[in-house]
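As a plain string of letters, each chain reads:
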Amino acid sequence: MELYSYVSHLACPKCHRTYRVEEEHHLCLCGSPLRVHYHLEELKKIYRPVHLTGRENTLWRYHELLPVQTPEHVVSLGEGMTPLIPMFKIGQEMNIAKLYMKDEGSLPTGTFKARGAAVGVSKAKELGIREIAMPTNGNAGAAWSLYAARAGIRSHIVMPVDAPEITRSECAIAGARLYLVNGLISDAGKIVAQGIQDFHWYDASTLKEPYRIEGKKTMGLEIAEQMEWKLPDVILYPTGGGVGLIGIYKALQELRELGWIQDRLPRLVAVQAEGCAPIVKAWEEKKRESEYWHNASTVAFGINVPKALGDFLVLEAIYQTEGCAIAVDDTSILEEQKRIARLEGAFVCPEGAATFVAARRLRENGWIQEGETVVVLNTGTGIKYPRTIQAKPLMLQPGERIAMKSREGMADREVES
Ligand SMILES: *Cc1c(COP(=O)(O)O)cnc(C)c1O
Ligand SMILES: [Zn+2]
């Protein structure tokens, strides 16, 4: 391969203005997020799946389709190529024989946010950026602080006080400047926007920098490669800002343009929580954009986003693939999280558990058909959300024997829970 990256330019999906990738750009003049384009025609002539054989087991194996132009600027902690795991037992229970989980829990920082951070921070480094700022529900801030630390870039992170506490520690240990706001991610966003005006930091907010999505699209590239370029029928994704879903859709479109996949694209499903479901509401009303969701609240904190800047792109991906959007309640999410651990040994995050609940519902109502291949995204490890699980250990004194009654106790508790 001649070039490390075949990136060509940035373009606006709304007004079609174009911008150079060698300069710092955020939103289009018209206010829309920008999209990264590649020289796919040229690449198509020389790039084949066989070129991936023997490459490193990280997302950088797809460097031709990533925006970083020189390998020296790559900031990596070994992210990518997460397992695609068959979920036989829970699949059987749901009557989905071919159910797979793409498990993002093993990535650095424990969530798929590492993908966006790795590519976004690498590109920021390539652009010579010294200081970044972003609002976050926790996981993105954690990932970006740590990757920025590795790149020698300073970071300013603003998150809601209710965000998972562990993510504060991750920002702190990385040396980020951390601010907590008594509000939602949208409030954090306004504070960051003001800070950027005042201090000229690099705006790393969701979709206000074009490269995070390129990192997240590697989930789509990996699913295709791991399924040997035969796509599943349905992919379910827990949708907050929606970057992951937009990214997966973009990856599949690029692979189709390269001629690496021929099948119909999978039906993409945006899964949200009942306490915050702006995309679901918009989809049900057949709208192109969502409205701000008031009093947003859910245990699945990563998808607690009342209004996403890229909502129109998420909805387009759903409409174009004949997918759907579905909301699930917190009680079912937490029950499912437990079932997945008990049946499959996987400790998934609440956002990931939401996709299982959605798959179950969509199979029940026939939207997912008999024999279809279904991939659910577990976007992070459950270990990052210790407060959603209540352990009920039996207390013993040193030297005390385990009595039969304690086993009965366990059984009782199981019935109780
Ligand atoms: C951020 C996040 C999501 C939502 O991802 P988007 O791509 O912003 O929609 C889902 N799950 C977890 C664990 C997250 O951290
Ligand atoms: Zn524009």
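Residues numbered from 1 in each chain as written. Chains lettered and ligands numbered in written order. Predicted model: local features only at pLDDT ≥ 70, side-chain atom pairs only at ≥ 80, totals over all residues. Heavy atoms only, no water.

The name that an unreviewed UniProt entry assigns to the protein chain is Threonine synthase, with the source organism given as Polycladomyces zharkentensis.

(A) Inspection of the packing of helix 8 (residues 218-226) against helix 9 (residues 243-258) at higher detail. In contact at an axis separation of 7 Å, helix 8 and helix 9 are set at 50° when each is read in the N-to-C sense. Judged on the interaxial angle alone, helix 9 and helix 8 are oblique. Crossing of helix 8 against helix 9: the hand is right-handed. For the pair helix 8 and helix 9, contact is made by Met219, Gly220, Leu221 and Ala224 and by Gly244, Ile248, Ala251, Leu252 and Leu255, respectively. Of the residues in the contact of helix 8 with helix 9, the class split is 7 nonpolar, 2 polar and no charged. (Axes fitted to C-alpha atoms, helices over the stretch in contact; angles between N-to-C directions. Helix = DSSP H or I, 4+ residues; strand = E, 2+ residues; numbered from the N terminus. Parallel < 35°, antiparallel > 145°, perpendicular 65-115°, else oblique. Left-handed = near helix turned anticlockwise from the far one by under 90°. Contact = heavy atoms within 4.5 Å. Nonpolar A, V, L, I, M, F, W, Y, C, P; charged D, E, K, R; others polar.)

(B) Structural context of the coordination of the zinc ion (ligand 2). Taken together, Cys12 (SG), Cys15 (SG), Cys28 (SG) and Cys30 (SG) make up the protein donors of the zinc ion (ligand 2), found 2.3 Å from the metal. Donor residues for the zinc ion (ligand 2) sit on one chain with the sequence pattern C-x2-C-x12-C-x1-C. Here the residue Cys15 occupies a position in the loop between strand 1 (7-11) and strand 2 (18-19), and Cys30 occupies one in the loop between strand 2 and strand 3 (35-38), the gap between them amounting to 15 residues. With relative accessibility at 32%, the residue Cys15 sits in the partly exposed group. (Donors = N, O, S within 2.8 Å, 3.2 Å for Na, K, Ca; no water. Buried < 20%, exposed > 50% of the residue type's maximum accessible area, 1.4 Å probe, protein only.)

(C) Up close: the site of ligand 1. In the vicinity of ligand 1 there are 18 residues, among which Lys113, Tyr237, Gly240, Gly242 and Thr379 approach most closely. In this structure, Gly244 approaches ligand 1 through a main-chain N or O atom, which is 2.8 Å from an oxygen atom. Here ligand 1 loses 96% of its free accessible area of 380 Å² to cover by the protein chains. Every element with two or more residues in the shell around ligand 1 is listed here: strand 10 (234-238) and helix 9. (Near = heavy atom within 4 Å. Polar contact = N/O pair within 3.5 Å; in protein donor to acceptor, adjacent residues only side chain to side chain. Areas by Shrake-Rupley, 256 points an atom, 1.4 Å probe, with all protein chains shown as cover.)

(D) Seen up close, the pattern of salt bridges. One pass over the full model with this rule turns up 28 salt bridges. Notably, a salt bridge pairs Lys102 with Glu222, separated by 2.7 Å at the nearest N-O pair. Of this pair, Lys102 sits in strand 5 (residues 98-103) while Glu222 sits in helix 8, placing them 120 residues apart in sequence. For the pair shown, Lys102 and Glu222 are each scored as buried. Lys250 serves as the salt-bridge partner of Glu254, at 2.7 Å between the closest nitrogen and oxygen. With Glu254 and Lys250 both in helix 9 and 4 residues apart, the pair spans about one turn of that helix. Here Glu254 and Lys250 have matching classes, each one buried. Salt bridges linked by common partners bring Glu93, Glu336, Arg339 and Arg360 together as one network. (Salt bridge = Lys/Arg side-chain N within 4 Å of Asp/Glu carboxyl O.)

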